[in-house]
Amino acid sequence: MRVIQRVLGSRSEAGLAERLHHLEHHGAVDILRVPSADVARRRLRAKTLAGEEIALALPRDQSLFDGAVLVLDDHHALVARVGTERWLRLVPADAADALELGYHAGNLHWRVRFDGGAILVALEGPAEDYLVRLGALVTEGRVAHSVDAGEEG
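Conventions we followed
- Residues numbered from 1 in each chain as written.
- Predicted model: local features only at pLDDT ≥ 70, side-chain atom pairs only at ≥ 80, totals over all residues.
- Heavy atoms only, no water.
- Core = buried A, V, L, I, M, F, W, Y, C linked by side-chain atoms within 4.5 Å.
- Buried < 20%, exposed > 50% of the residue type's maximum accessible area, 1.4 Å probe, protein only.
- Helix = DSSP H or I, 4+ residues; strand = E, 2+ residues; numbered from the N terminus.
- Contact = heavy atoms within 4.5 Å.
- Pairing = 2+ DSSP bridges.
- Axes fitted to C-alpha atoms, helices over the stretch in contact; angles between N-to-C directions.

### Thoughts on the nonpolar core
- One finds Leu-88, Leu-90, Leu-101, Trp-110, Val-121, Tyr-130 and Leu-134 to be the most contacted residues of the largest nonpolar core, which totals 16 residues.
- Contributions of two or more residues to this core are made by strand 8 (84–92), helix 2 (95–107), strand 10 (118–122), helix 3 (127–134) and helix 4 (136–139).
- Of the residues forming this core, the biggest block, four residues, is contributed by helix 3.
- Excluding its chain neighbours within four sequence positions, the residues that come into contact with Tyr-130 are Leu-88, Trp-110, Val-121, Ala-122, Leu-123, Glu-124 and Gly-125.
- Grouped together as the second largest cluster of nonpolar side chains are 15 residues, Ile-4, Leu-56, Leu-58 and Ala-68 included.

Next comes the structure, spelled out in structure tokens:
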């Protein structure tokens, strides 16, 4: 069992974000889902989405938060996801827009799932940040969008 004794930083910090993006491209970022009720805990035993058993033993001056980077090396990362997972629902107007949307989602390495004619993108930041990346698809109304709440961690 891996013991984690500190939070390295936030996934949104420039230096960490670059390294995480590279690891995500290689499928090497694991997620620790933490229910909102457990976020204040300093000691916690849990299993990551990939099935690794971990033990948190954080110092008093650190706490978990959504996007906390817990492990980061050249070949692997572990990031905390706290609370309810939110999804950006994107519905393309036609087949051509669907192809372009799929291209962007794949090129940006977004974690997605499908629901009928919609692509749902797991939000790891403000929805506006994702919509800006889609540019004309959104500004020209070629893709409708809304935010769905998912299940608790």
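### Concerning the pairing of strand 6 (residues 68–72)
- With five of five residues buried, strand 6 is to be regarded as a mostly interior element.
- Looking at chain direction, strand 2 (residues 9–10) and strand 6 are connected through two bridges and run antiparallel. When the bridges of strand 6 are listed, Ser-10 appears paired with Ala-68.
- Where strand 6 meets strand 7 (residues 77–82), three bridges bridge the pair, whose relative direction is antiparallel. Paired with Val-69 across the strands is Val-79, a residue of strand 7.

### A closer look at the sheet that holds strand 3 (residues 29–34)
- One open sheet holds the four strands; their spatial order is 2-6-7-3, and the pairing between them is mixed. In this open sheet, the two strands that pair with only one neighbour each are strand 2 and strand 3.
- Contacts between helix 1 (residues 14–25) and the sheet are confined to strand 2, strand 3, strand 6 and strand 7, with strand 6 contributing the most and set at about 60 degrees to the helix.

### What about unusual backbone geometry?
- The phi torsion at His-109 lies on the positive side, around 60 degrees, for a residue other than glycine.
- Turning to its location among the elements, His-109 is positioned in the loop between helix 2 and strand 9 (112–115).
- Since its relative accessible area comes to 28%, His-109 is described here as partly exposed.

### Let's talk about the pairing of strand 10
- Taking burial as the measure, the five residues of strand 10 include five buried ones, the bulk of the element.
- Residues of strand 10 alternate between two faces, with Ala-118, Leu-120 and Ala-122 on one and Ile-119 and Val-121 on the opposite face, all of them buried.
- Relative to strand 10, strand 8 runs antiparallel, the two sharing four bridges. When the bridges of strand 10 are listed, Leu-90 appears paired with Ile-119.

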